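Residues per chain are reported as follows:
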Amino acid sequence: QVQLVESGGESVQTGGSLRLSCAASGFAYVPGSYSTFCMAWFRQAPGKRREWVAYSGSGGTTNYADSVKGRFTISRDDAKNTLYLQMSSLKPEDTAMYYCAAKRWGCSDQTDYNFWGQGTQVTVSS
């Protein structure tokens, strides 16, 4: 089965930077290879709904939520089956549990992804 494991979350000051990683495994057991999957980042703060942050499509297309555009960059290394989220100019409102997600073929900004990680906590203070 597919497993997604996030890492890199920690507590930082306003204006700081973080790089989140998502290591994927088990794609050999599902249709298509890792490169055919849309990979995405979501986040969820306590008491709030899960919010889409960014996605990276198998064709190289990327898209971002307005709240993070210009500050966050999503990228993928298909040879390593790893997804990244580079976050800069962090704000307190970025505080949330960040989740990695995957689905085959086309991307979406909804929560209709097939596979999810357990999340990594990002806390921005001040």
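Residues numbered from 1 in each chain as written. Predicted model: local features only at pLDDT ≥ 70, side-chain atom pairs only at ≥ 80, totals over all residues. Heavy atoms only, no water.

Asks: Got a minute to help me understand the pairing of strand β11 (residues 120-125) in this structure?
Replies: The two faces of a sheet get side chains in turn, since along a regular strand they alternate between them. Side-chain alternation along β11 places Thr-120, Val-122 and Val-124 on a buried face and Gln-121, Thr-123 and Ser-125 on a face that remains uncovered. Direction of pairing for strand β2 (residues 11-13) relative to β11: parallel, over a ladder of three bridges. Note that in β11 the partner of Ser-11 across the bridge is Thr-123. As judged from the three bridges shared by strand β9 (residues 96-104) and β11, these two strands associate in the antiparallel manner. In the strand pairing of β11, Tyr-98 is matched with Thr-120. (Buried < 20%, exposed > 50% of the residue type's maximum accessible area, 1.4 Å probe, protein only. Helix = DSSP H or I, 4+ residues; strand = E, 2+ residues; numbered from the N terminus. Pairing = 2+ DSSP bridges.)

Asks: What is the right way to look at the sheet that holds strand β7 (residues 72-77) in this model?
Replies: The strands making up a sheet associate through backbone hydrogen bonding, with each pair oriented either parallel or antiparallel. Pairing in this open sheet of four strands is antiparallel, and the strands run β1-β3-β8-β7 from one edge to the other. Every other strand in the sheet has two partners, leaving β1 (3-7) and β7 as the edge strands with one partner each. On average, each strand axis in the sheet is inclined to that of its neighbour by 15°, with strand direction left out of account. (Axes fitted to C-alpha atoms, helices over the stretch in contact; angles between N-to-C directions.)

The quantities given are spatial measurements derived from coordinates; they are silent on function.
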